[in-house]
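Survey of secondary and tertiary structure
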Amino acid sequence: MTEEEAWRYADELRDRVRPPEFPDRWLDVTEFGSGTEAFRAAIKACHEAGGGHVRVPPGTYLTGAIHLLSNVDLHVEQGATILFSADPADYLPAVYTRFSAIECYNYSPFIYAYGQENIAVTGAGTLDGGAGLEHWWPWVGTPEFGWRPDTPHEAEDWAELQRMAAEGVPVQERVFGAGHYLRPNMIQPYLCRNVLVEGVRIVRSPMWEIHPVRCENVLVRDVSIYSRGPNNDGCDPESCRSMVISGCVFDVGDDCIAIKAGRGPDGRRVGVPCEDVLIEDCEMRYRYGSVAIGTDTTGGIRNVFVRRCRWGGPGLYFGLYIKTNSVRGGFVENVFVKDIEISELTKEAVSIDLYHGDGHDGDDPPPIRNVHVAGVRSDRTRSAYLLRGYPEQPLRSISIRDSSFARVERADVVSDVERLSVTGVAVNNSPSEHATGQ
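Now for a look at the structure at hand. Treat the numbers as computed from the prediction; the structure is a model and nothing was measured. For every chain, the first residue of its written sequence is number 1, and the numbers climb from 1 along that sequence. In view of the model being predicted, local features appear only for residues whose pLDDT reaches at least 70, and side-chain atom pairs are presented and counted only at 80 or more, with totals across whole chains, interfaces and linings using the full set of residues. Only hydrogens and water are removed before side-chain values are computed, so all heavy atoms of the structure are retained for them.

Section: the overall build of the protein
Regarding its fold elements, the protein presents four helices and 31 strands. At 21 Å, the protein has a C-alpha radius of gyration in line with the 22 Å of a compact globule built from 438 residues. In terms of principal-axis extent, the alpha carbons of the protein reach across some 65 × 45 × 35 Å. Buried means the residue's accessible area, taken with a 1.4 Å probe over protein chains only, is under 20% of the maximum for its type, while exposed means over 50%, and partly exposed covers the values in between. Taking all 438 residues of the protein together, 60% fall into the buried category. A fraction of 73% describes how many contacts in the protein between residues 6 or more apart in sequence connect residues 24 or more apart. Residue exposure ignores everything except the shown protein chains as possible cover, and the areas themselves are Shrake-Rupley values with a 1.4 Å probe. Surface summary for the protein: the accessible area is close to 16000 Å², and the carbon and sulfur share equals 46%. Positive and negative charge centroids in the protein, built from 44 and 63 side chains respectively, lie 2 Å apart. The way it works is that DSSP assigns letters per residue, a run of H or I at least four long becomes a helix, a run of E at least two long becomes a strand, and they are numbered from the N terminus. The globule rule is 2.2 Å times the number of residues to the power 0.38, and the radius of gyration it is compared with is taken over C-alpha atoms. It only takes one pair of heavy atoms within 4.5 Å for two residues to be counted as in contact. Positive residues here are Lys and Arg, negative ones are Asp and Glu, while His and the chain termini are left out of the count. To locate a charge, the coordinates of NZ of Lys, CZ of Arg, CG of Asp or CD of Glu are taken.

Focus: the packing of aromatic side chains
Only Phe, Tyr and Trp rings are paired, with Trp represented by its six-membered ring, and only when their centres lie within 6.5 Å; those with planes under 30 degrees apart are stacked, over 60 edge-to-face, the remainder tilted. Taken as a whole and assessed by the stated rule, the structure comprises 20 aromatic pairs. Summarising the aromatic geometry, the rings of Phe84 and Phe110 are spaced 5.0 Å apart at their centres and angled 25° between planes, so their arrangement reads as stacked. Note that Phe84 is positioned in strand β6 (residues 80–84) and Phe110 in the loop between β8 (102–106) and β9 (111–114), a separation of 26 residues in sequence. Judged by relative accessible area, which is 2%, Phe84 ranks as buried. Geometrically, the ring pair formed by Trp137 and Phe145 is edge-to-face, given 6.0 Å between the ring centres and 85° between the ring planes. There is no split in this pair, since Trp137 and Phe145 are both buried. Through successive ring pairs, a cluster of aromatic residues spans Phe84, Tyr91, Tyr107, Phe110, Trp136, Trp139 and Tyr181. The aromatic ring of Tyr286 is capped on one face by Arg228, whose charged end is 3.7 Å from the ring centroid. A cation over an aromatic ring shows up here: Lys338 above the ring of Trp7, its NZ or CZ 4.7 Å from the ring centre. Sitting over a ring, as applied to charges here, requires NZ of Lys or CZ of Arg to be within 6 Å of the ring centre and within 35 degrees of the ring normal.

Details of the pattern of salt bridges
For salt bridges, the criterion is a side-chain nitrogen of Lys or Arg within 4 Å of an Asp or Glu carboxyl oxygen. Counting across every chain of the model gives 44 salt bridges. Here Arg16 makes a salt bridge to Asp276, at a shortest N to O gap of 2.9 Å. With Arg16 in helix α1 (residues 3–16) and Asp276 in strand β20 (residues 274–280), this residue pair connects regions lying 260 residues apart in the sequence. The exposure class of Arg16 is partly exposed, given its relative accessible area of 34%.

Concerning the sheet that holds β9
When DSSP locates at least two bridges between a pair of strands, those strands are taken to pair. On the basis of which strands lie adjacent, the open sheet formed by three strands has the order β4-β9-β12 and parallel pairing. A single partner strand is all that each edge strand has here, and the edge strands are β4 (66–67) and β12 (187–190). Of the pairings in the sheet, the one linking β9 to β12 comprises four bridges and is parallel in character. Paired with Ile111 across the bridge in β12 is Ile187.

Some points on unusual backbone geometry
For the bond from Leu92 to Pro93, the omega torsion is 5°, close enough to zero to count as cis. By the element assignment, Pro93 lies in the loop between β6 and β7 (95–99). The step from Gly294 to Thr295 runs through a cis peptide bond, and the omega angle for that step is 5°. Structurally, Thr295 can be placed in the loop between β21 (283–293) and β22 (301–311). Phi at Asn71 is positive, roughly 70°, even though this residue is not glycine. Structurally, Asn71 can be placed in the loop between β4 and β5 (72–76). When its relative accessible area of 26% is taken as the criterion, Asn71 is described as partly exposed. Although it is not a glycine, Ala101 sits at a positive phi angle of roughly 75°.

Details of the nonpolar core
Here, nonpolar core means buried Ala, Val, Leu, Ile, Met, Phe, Trp, Tyr and Cys residues that are tied together by side-chain atoms lying within 4.5 Å of each other. Core analysis: the largest hydrophobic core is formed by 100 residues, its most contacted members being Ile279, Trp311 and Leu320. The residues touching Ile279, leaving out its near neighbours within four places in the chain, are Ile245, Ile257, Ile259, Met284, Val291, Phe305, Val306, Arg307 and Cys309. Core analysis: the second largest hydrophobic core is formed by 13 residues, Trp7, Leu196, Leu219 and Val244 among them.

Below is the structure:
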C-alpha cells in the first residue's frame, strides 16, 4: 500500500463508518425509578419498543453496571452525571470480557454490551467511574494509587489468568469477579456492530476507558477523557474492524490510544486482527503513548491511519509508539501518520521497538513493515526516532519525511532496519538524512 493509496483508503474508511440511526423515541430514565434497575428497565423498554433514546436528564445518578441492548442510545444530557458505584458487587454476575487482552469472565464493564447492533452512548454529560485512591485503583498493588501492605491486589489473579491462557483452560472456566481483584473497564462493547460513543466526558475510570472488542463499524468522536489512574488507557480498539476515532481529548494515566489484538497464547487461539483504524483531529496530553500499537499484538494489526493530531505535554512520553516483542508475536503493517503537531514529549516522536517489555525472549518475532510518517512539526523531544528490530527479523519499509524536530536532546537510534528512508527531515535545524538498502 503506497501513501497515496493509504490516504485514499483512509477517506473511504471515514465515509463508510457511519453512526447508527435510532427511531425518534425518547424514554426518560427517571420514569423507571432509580439506580441500576432504572437503567436496566429503561433500556429494556426502549429495545422492546423497537429502539430509540434513553434520556438521562440533568442530575446525578448512582448506578452499577449498565448493559446496552440493540437499537438503544443512552443519551446523557449536559448537566447529567452517571456516577458508578464503588461496590464491586454491583458489577456481578461476571460477564464474558477481556482483562488485559486475555478472555475471561470478570466484573462487568461499567457500560457493557455483548453481541448487540446499533448502540450508542451520547450527549454532553459525564460518566464518572468513581475510582481513586480509596476505590478500584488500589487493586493495581502500588502505593502511588492507594494500595497499602496487607490489602489485596491483582497480582495473583493476573498470574492465574495468564497461566490459564497458557495451559488452554476453557474460557468458561476462567471465572474471576467476586473475591478477585481484576479491575473492570469503563465502556466495553464486545462482538457488536455499529457502535457510537459521542460527546461524553469520562472521568475516574478503574482501568481502560473505551475498549471495543471484536466489534465492527465503531465511531468514537468528540469525547473527552480525564482519568490519570493506573492502566487508564483512553481508547483501546482490540481485534476490531473499521473504526474511526475523531475529535477527542485524552488526558489519561496510560496510553491515550492503544490498538491491540489479543495477548500471547490466547491471542493466537482467537486469531482475530485489528484492522482499518482511522484516528484524526485528536489531542493527546498525558501520559505514555500518544498513539500506541501494542503491546498486545498477537492477532496482528494492519491499516492504521493517523492525521491532524496534536501531541504533547510535560507528562506525555511517546508519539507514535509501536511496541511488541518475540513473546507477543503477531504483526504490524501499513501504518500511516501525517500532519502532526508536537509541543513536548519526554521520549521519541516515533518509536518502533521490538525490545519492549519481554525483549527477545520468545520464539515469535513479529514482522513490522510499511510504516510511514510525514509532516511532523515537533518543538521538543528526547529523540526524533528510535527504530529497533531483530537481526533475524528487521523492521522493513520505514520512512520519515518532510518533518522538523526542534530541541532534540540526543541522537536517534536505528538498528536492524531494512529499507529505511529519512528525507526532508531537520533535527535541531540541521538536515537529517538516513537510508538503508535491502
